[in-house]
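# Fold and contact review
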Amino acid sequence: MAEKIGVYFDQASIGPFLNLEALSEKVQNVWGKACPVVKIEPFLASEEGHKTIQEDIDAGTIDSVCICGSSPRVDWDLFDFGSNILVERANLREQCVWCYSNPDGSPLNPKEEPPELLQAMATDYVNMSITKLQKTEIPDPEKVDSIKRILILGGGWTGLNSALSCAEAGYEVVLLEKDKELGGYTKNLHMSFPLSYPFTEYQETGIDQKIETVKGNSKITVYTGTTLEKFDGQPGQFTATINSSSGQEEISVGSLVLATGWQAQDTKYLEPFGYGKYPNVITSMQMEEMAKNGKIARPSDGKSPKNVVFILGMSKVMDNFAQEEETEIKRKAEEKEQAKEEQSEEEIAIEEPFEITESYRHFSYSNEITSLNALKQAKYVRDYLPQSISFILYEHMIVPGINERYYQSVQDDPGIMMTKGEVKSVTGGSNDNLIVAVENTLLGEDIEIEADLVVMPTGIVPTTAHDPVIQLNYRQGLSLPELNLFDGFADSNYICFPYETRRTGIYAAGSVRQPMPLSRSISDAQGAALKAIQCIESVNRGMSVHPRSGDLTYPKFNFVRCTQCRRCTEECPFGALEEDEEGTPKPNIARCRRCGTCMGACPERVIYFDNYSVGQTSSMITQIKVPEEMNEGGPRILILACENDAYPALDMAAQKGIKWSPYVRIIPVRCLGSVNTIWIADAMGKGQDGCLLLGCKYGDDYQCHFMKGSELCQRRMENIGETLDRLGIELERVQQEQVAIDDYYLIPDIINNFVDNIFKLGPNPFKGF
Amino acid sequence: MSKSILVIGGGFSGITAALEAAEVGHEVYLVEKSPFLGGRVMQLNKYFPKLCPPSCGLEIQYQRIKKNSNVKCLTMAEITSVSGQAGNYEVAVRIRPRHTPPNSADLSGLAQSLSRNISNEFEFGLGTRKALYMDVPFAYPHRYVLDKQNISEEDKKKLTQSKLIDLEESEKTITLDVGSIIIATGWKPYDVTKLTTLGAGSIPNCINNMQMERLAAPSGPTQGQILCPADNKPPQRVAFVQCAGSRDENHLNYCSYICCMASLKQAQYIREQYPESEVTIFYIDLRTPGRYEKFAQQVLADEKIKTVKGKVAEVEEDIRSNRVWLTVEDAIAGNKMQECFDLVVLATGMQPSIAGQALPLNMPIDEEGFIIGGEEKGIFAAGCAKEPLDVMKSAQSATGAAMKAIQTVRGR
């Protein structure tokens, strides 16, 4: 509780441009005993500055600190007074003094008296910071007693590696495999593509040893022939209900690693090239089986093939499938849109139904695996049948990175011919041979190869394309949401954060996440293992995980006001809210990422955080002094800026010397998803002339670190459009703009254009009421 | 015995490894030799396939670092010696002086007043900086740094007068006790001067792919406007030469992973900025693994982006027009052709940063400088120090390395 706030002005950063004495006096007059200490210090971001403040704290004169100077994004390490002292930073440098220009466009002159407009801005920001502090509590975390056990779904290559990784870090592991045997598809491999330096030869997988090591590890409990029936609870305290031959069992775990791998793509895509029609057209998987069993032979007569053709490129064929399927996908999407529109306001769809996502696309996504496989299997042919020749027909050899060395070593083999080309057709010849017709080759002409065995690639389809797999007993649905964004892969939308999905405590690794060769699955398994243990440890300390890692606050609910509208339950990107029979939300704090989307959704102000609430921002908005006459004092425009992109971009713009309208007041928000429409109503009600919301791009390539924030905000703004209209407030007064963090040259223009529009609209009709 | 972890290299892999280990609860020292964290990723305009800005991810990483006292960040810092064994290492770190105050004091005026314009490494020579600088976007730490080697006597006087500059600040050496080490020293662009058939870096309008990123980046020397370096004119015909140095026994014997995707991405930059422009990509294989195929299809749906399978045999400058002539063998049509372009981008490969240099650590490296072992010593390579990777896989690699480092310090 901030009852005695020390307010400190930093002369070094803002002194030359502001009348600090006047500001200081104002603070004392307005806040009185609430701010018993108001000082102007020469250089706050220093040891001396820190000492001055610490002395005031030690003397008991103040219990919290308001620093008026540089942006909160810098010098953060210099204003730490321990976890019991709240610190608020009024951004008077970057977002006040540095960005200020007079209405006529002229810059600040430090030799002249600070303009009234600038003093007014600084005053507003200081008052906003003080009231913010008054409405902030020291975070009191909810620690969840975490079970230090991890459930690994899938006992194949990735699952085994992940299990060992967790066990070696000292955690208990339960490994669940639906087959009778551990090992997955890797057990069916004869050899693996290179796993280690020099990357020039195929290698033993070592899967048998790995299985033995896992079985022999005392920290790992293995269940085979077992499936997951239900997964319930929250990170740190999940309950997995599993079905094995001995019946149903419940296991308590702290987190989950999803490593259920892949299944072969539907072979219908191979039929245009004769698969299923000609006995000697086989799949890569079938070739692997033969190699493992020690003999490569033609299915038709059991004889050794002399000319084996590996077909990799099938774009024309896939294009045909593409056309058919895309039309179907479009039709389904339109149906879905229509169903959504027809849905009444009352029925909110909370649960997301599972969709099957296997398609023609999985073929091209498997390109790295199929390329590597063709190289490896061409080598099998050479090793088993030294007199035979292998042909690889490719459109692009997708062997990126260090595996290029493998490609080079295979190219050196005189018994393996490779050419770029488009396979036109595969037709039956005599003796069950195949005639492979190829065009656009590197050989200068179209060719025909008579093959006695043709190997077609096996596409990789993640298990999550066909089944929810994780069987979450969550109100929002059984599976990871939006798998269709990733064509069924259990992947993260973030390039920088490969393991962040919309379900906290659940981390995917291996081919279920992305098509990947065995070598990369090892590090992926270890990465997911780390995230799994990290989640357990964070939750144990009452801390949020990524992206607000270390956040000790969490959403608190004042259910007295709840009207069971269920918007929070629906809109939570992480499915953190369940509900009881009446529809009252039941929070699962460990699932929560602290974005505040629920707080933004709630029309009744039920939800708040210790240091971030609807009331807090509302009172900050109230502190903004709005001149009665727009012509004299100018308009006032509220900017709610996402602290992850817009706010840093504004700091950066200011640093580069870019100015923007002096009529705006910027408040950072955790995410545009946390913006409650009450704030807009408050701003309009207080006579502010406009409200600009700045946040990230939404859509399929969404940028929001909390998935849906800016999109939800946009939807909410559309909804309040009606309300504003009825009140006689023009819709143009409230706008949301999609910005990125590197748009620092664009954002000032966006702001200035908005301000210009407000001038055209004139003053808020409610001003002065 | 120490439970702390040392991460060498403050680029994306290093930052990721440090944070992931710190958030499990371990103390981590993140040691970076340049004045700022961020590495190569900070020099990029956007990442593929989402075309999102690197500062976005870095901002979150820096927020996480700020909130986590377990992460101890040292910049201007280099490892000078390592002794011990897994679980118990003593590491000497040399920290070069910054000469600037430990805060965000605004030194821009003083910086501008200094005499020399120094070729800026961050811009790959496409721009200059002053001796006192904080030139990277969203700099972390948010502090200026003084390049004392590049000041004149006049400059010295000005700097001495400033109360904020300490010209006498000296180098210091500290010792760290750690249990395991992660090497995340990243990559450097392959030295273009070695590509003698491709202009050897001497043709102004023949740039490398990292220079293209700087031209396209808002924080770059042209504020994001892609202009031909010779004459600052907008390019209309642009060529990309893939595998410039990679997949070549004479240069790098591996594929640098990112360059095909990078060229597709950069082709899109150009097409967006100049709707009338035409782009041709000369490739050996267009490597767009996995779901990157989707991105490739989107980019190549643009009729004005052509792809030609063919090796570029020669790059020559037309001195009068500053334009660039390429001699290419079209592998499929089977003919040799010569074409002229306004701007040519060499998709130069990546080499491990430590290639050709010795780290004060006895680590097994291969002929190209990639780290290929040493894990039994509790020392783990992450990211491009280990193999050529893109950003997402570097983050994956770093997270995996953090796990192994934790296993080491906890004692298996």
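Residues numbered from 1 in each chain as written. Chains lettered and ligands numbered in written order. Predicted model: local features only at pLDDT ≥ 70, side-chain atom pairs only at ≥ 80, totals over all residues. Heavy atoms only, no water.

For chain B, the helix and strand inventory stands at 8 helices and 21 strands. Here chain B has a C-alpha radius of gyration of 22 Å; the compact-globule value for 412 residues is 22 Å, and the two agree. Its C-alpha atoms give chain B principal-axis dimensions of about 65 × 55 × 35 Å. By element, 46% of the accessible surface of chain B is carried by carbon and sulfur atoms, the whole surface being about 14900 Å². Mean positive and mean negative side-chain charge positions of chain B (46 and 47 charges, respectively) differ by 4 Å. (Helix = DSSP H or I, 4+ residues; strand = E, 2+ residues; numbered from the N terminus. Rg over C-alpha atoms; globule rule 2.2 N^0.38 Å. Areas by Shrake-Rupley, 256 points an atom, 1.4 Å probe, with all protein chains shown as cover. Lys, Arg positive; Asp, Glu negative; His and termini not counted. Charge placed at Lys NZ, Arg CZ, Asp CG, Glu CD.)

Bringing the sheet that holds strand β21 (residues 379-381) of chain B into the picture now. Residue and element names in this part refer to chain B. Ordered by their spatial adjacency, 5 strands build an open sheet running β3-β2-β1-β11-β21, and the pairing between neighbours is parallel. Two strands close off the open sheet at either side, each with one partner strand: β3 (71-74) and β21. Here the average twist between neighbouring strands, direction ignored, is 20 degrees. Here strand β11 (residues 180-183) pairs with β21 via 3 bridges, running parallel. Residue pairing for β21: Ile 183 is matched across the bridge by Ala 381. Helix α1 (residues 12-24) contacts β1 (5-8), β2 (28-31), β3 and β11 of the sheet and is inclined by roughly 170 degrees relative to β2. (Pairing = 2+ DSSP bridges. Axes fitted to C-alpha atoms, helices over the stretch in contact; angles between N-to-C directions. Contact = heavy atoms within 4.5 Å.)

This next bit is on the side chain of Asp 147 of chain B. Residues and elements named next belong to chain B. When you line up the elements, Asp 147 lands in the loop between β9 (145-146) and α4 (153-161). Since its relative accessible area comes to 15%, Asp 147 is described here as buried. Of note is the side chain of Asp 147, whose polar atom sits 2.8 Å from the side chain of Asn 150. Setting aside residues no more than four positions away along its own chain, Asp 147 makes contact with Ile 118, Arg 129, Ala 131 and Tyr 133. (Buried < 20%, exposed > 50% of the residue type's maximum accessible area, 1.4 Å probe, protein only. Polar contact = N/O pair within 3.5 Å; in protein donor to acceptor, adjacent residues only side chain to side chain.)

Residue and element names in this part refer to chain A. Taken together, the 5 strands give an open sheet; going across it, the order is β7-β6-β5-β11-β22, and neighbouring strands pair in parallel fashion. The outermost strands of the open sheet, each flanked by one partner alone, are β7 (220-223) and β22 (506-508). Looking at each pair of strands side by side, their axes are set apart by 20 degrees on average, direction ignored. The strands that helix α13 (residues 518-540) touches are β5 (149-153), β11 (255-258) and β22; relative to β22, the one it contacts most, it runs at about 170 degrees.

Ranked by size, the top nonpolar core spans 150 residues in total, and within it Ile 150 of chain A together with Ile 5, Val 7, Tyr 47, Leu 132 and Phe 240 of chain B carry the most contacts. When residues of this core are assigned to their parent elements, the largest contribution, 10 residues, is made by helix α8 (residues 391-410) of chain B. The contact partners of Ile 5 of chain B, leaving out residues within four places of it in the chain, are Ala 21, His 26, Glu 27, Val 28, Tyr 29, Val 178, Ser 180, Ile 182, Ala 405, Ile 406 and Val 409 of chain B. Ranked by size, the runner-up nonpolar core spans 95 residues in total, among them Leu 92, Tyr 647, Ala 649 and Ala 683 of chain A. (Core = buried A, V, L, I, M, F, W, Y, C linked by side-chain atoms within 4.5 Å.)

Turning next to the packing of helix α2 (residues 20-31) of chain A against helix α5 (residues 116-134) of chain A. All names here are of chain A. Put simply, α2 and α5 touch, their axes get as near as 10 Å, and they point 40 degrees apart. Taken together, α2 and α5 sit at an angle that is classed as oblique. Read as a crossing pair, α2 and α5 show a hand that is right-handed. Across the interface between the two elements, Ala 22, Leu 23, Lys 26, Val 27 and Trp 31 from α2 touch Gln 119, Ala 122, Thr 123, Val 126, Asn 127, Ile 130, Thr 131 and Gln 134 from α5. Here the contact of α2 with α5 is composed, by residue class, of 7 nonpolar, 5 polar and 1 charged. (Parallel < 35°, antiparallel > 145°, perpendicular 65-115°, else oblique. Left-handed = near helix turned anticlockwise from the far one by under 90°. Nonpolar A, V, L, I, M, F, W, Y, C, P; charged D, E, K, R; others polar.)

Frequently, the measure chosen for interface size is the accessible area that the parts lose on association. Residue and element names in this part refer to chain B. With domains assigned, chain B is organised as domain 1 (5-96 + 171-186 + 353-409), domain 2 (108-161) and domain 3 (190-350). For domain 1 and domain 3, the distance between their C-alpha centres works out to 31 Å. If you look at the interface, domain 1 gives 18 residues, while domain 3 gives 22 residues. Both faces considered, domain 1 and domain 3 share a buried interface measuring about 1700 Å² in area, 64% of it formed by carbon and sulfur atoms. Considering only the side of domain 1, the residues that lose the most area to domain 3 are Asn 45, Phe 48 and Glu 368, jointly responsible for 35% of the buried surface there. (Domains from an automatic or database assignment. Buried area = accessible area lost by both parts, 1.4 Å probe.)

This paragraph deals with the environment of Lys 386 of chain B. Residues and elements named next belong to chain B. Residue position: Lys 386 is located in the loop between β21 and α8. For the pair Lys 386 and Lys 157, spaced 229 residues apart in sequence, the C-alpha to C-alpha distance is 46 Å. Those residues in contact with Lys 386, other than ones at most four positions away along the chain, are Phe 370, Ile 371, Glu 375, Ala 381 and Lys 404.

Contacts between the two partners involve 80 residues from chain B, matched on the other side by 87 residues from chain A. Carbon and sulfur atoms make up 56% of the surface buried where chain B meets chain A, a total of about 7300 Å² over both sides. Between the two partners, chain B and chain A, sit 9 salt bridges. Of the charged contacts in the structure, one is a salt bridge between Arg 247 of chain B and Glu 404 of chain A, with a shortest N-O distance of 2.9 Å. The interface formed by chain B and chain A includes 38 residue pairs in polar contact (both at pLDDT 80 or more). Secondary structure elements with two or more residues in the side of chain B that touches chain A: α1, α2 (54-67), α7 (292-300) and α8 of chain B. When residues of the side of chain B that touches chain A are assigned to their parent elements, the largest contribution, 14 residues, is made by α8 of chain B. (Salt bridge = Lys/Arg side-chain N within 4 Å of Asp/Glu carboxyl O.)

Attention now goes to the pairing of strand β6 (residues 172-176) of chain A. Residues and elements named next belong to chain A. Counting buried positions along β6 yields 4 of 5 residues, so the element is predominantly enclosed. With 5 bridges joining them, β5 and β6 adopt parallel strand pairing. Its bridge partner lying in β6, Leu 153 is registered against Leu 176. With helix α6 (residues 157-168) bridging β5 and its parallel neighbour β6, the resulting β-α-β unit is right-handed. With 4 bridges connecting them, β6 and β7 associate as parallel partners. Note on β7: the bridge partner recorded for Leu 175 is Val 222. Viewed along the sheet, the connection from β6 through helix α7 (residues 207-216) into β7 turns out right-handed. (Right-handed = clockwise from strand over helix to strand, strands pointing away.)

Here we come to the confidence of the model for chain B. In the predicted model, chain B carries a mean pLDDT of 96, and 100% of its residues have values of at least 70. Both scores are available for the predicted complex, with the pTM at 0.97 and the ipTM at 0.96. (pLDDT = per-residue confidence, 0-100.)

Residue and element names in this part refer to chain B. The N-to-C vectors of α1 and α8 enclose an angle of 45 degrees; their axes lie 8 Å apart at closest approach. The orientation of α1 relative to α8 falls into the category oblique. Taken as a pair, α1 and α8 cross one another with a handedness that is right-handed. Contacts between α1 and α8 involve Phe 12, Ser 13, Thr 16, Ala 17, Glu 20, Ala 21 and Val 24 on the former and, on the latter, Val 391, Ser 394, Ala 395, Ala 398, Thr 399, Ala 402, Ile 406 and Arg 410. Residues belonging to the contact of α1 with α8 are distributed by class as follows: 9 nonpolar, 4 polar and 2 charged.

For the rest of this paragraph, the subject is the environment of Leu 23 of chain A. All names here are of chain A. Among the structural elements, Leu 23 can be located in helix α2. Put simply, Leu 23 and Ile 369 are 346 residues apart on the chain and 66 Å apart in space, counted from C-alpha to C-alpha. With near-sequence residues (within four places) excluded, Leu 23 lies in contact with Phe 9, Leu 18, Gln 119, Ala 122 and Thr 123.

Another point: the environment of Asp 390 of chain B. Residues and elements named next belong to chain B. Position of Asp 390 among the secondary structure elements: in the loop between β21 and α8. The sequence separation of Asp 390 and Ser 256 amounts to 134 residues, and the corresponding C-alpha distance is 9.2 Å. With sequence-adjacent residues up to four places away left out, Asp 390 is seen in contact with Phe 48, Tyr 257, Ile 258 and Tyr 292. At a separation of 2.7 Å, a polar atom in the side chain of Asp 390 contacts the side chain of Tyr 292.

Owing to its 3.6 residues per turn, the α-helix aligns residues three or four sequence positions apart on the same side. Residues and elements named next belong to chain A. Within the sequence span of α7, burial applies to Ile 207, Ile 211 and Val 214. When α7 is viewed along its axis, its buried side chains cluster within an angular range of 65 degrees and face the same direction. Within α7, the exposed residues directed more than 90 degrees away from the buried face are Gln 209, Glu 212 and Gly 216. If you follow the buried residues of α7, they end up packed against α6, β6 and β7. (Arc of directions from axis to C-beta.)

Formally, a disulfide is one covalent bond, and it connects the sulfur atom of one cysteine to the sulfur atom of another. Scanning the model with the defined rule gives 0 disulfides over all chains in all. Left without a disulfide partner, Cys 99 of chain A is nearest to the cysteine sulfur of Cys 96 of chain A, which lies 6.5 Å away. (Disulfide = S-S within 2.5 Å.)

Time to look at the pairing of strand β27 (residues 637-642) of chain A. All names here are of chain A. Extensive coverage of β27 is indicated by the burial of 6 of its 6 residues. Side chains Ile 637, Ile 639 and Ala 641 project from β27 onto one buried face, and the interleaved Leu 638, Leu 640 and Cys 642 project onto a second face that is buried too. Pairing analysis gives 6 bridges linking β27 to strand β28 (residues 664-669), with the strands arranged parallel. If you follow Leu 640 over to β28, its bridge partner there is Ile 667. Summarising the sheet, β27 and strand β29 (residues 690-695) pair through 5 bridges and their orientation is parallel. Bridged to Ile 639 within β29 is Leu 692.

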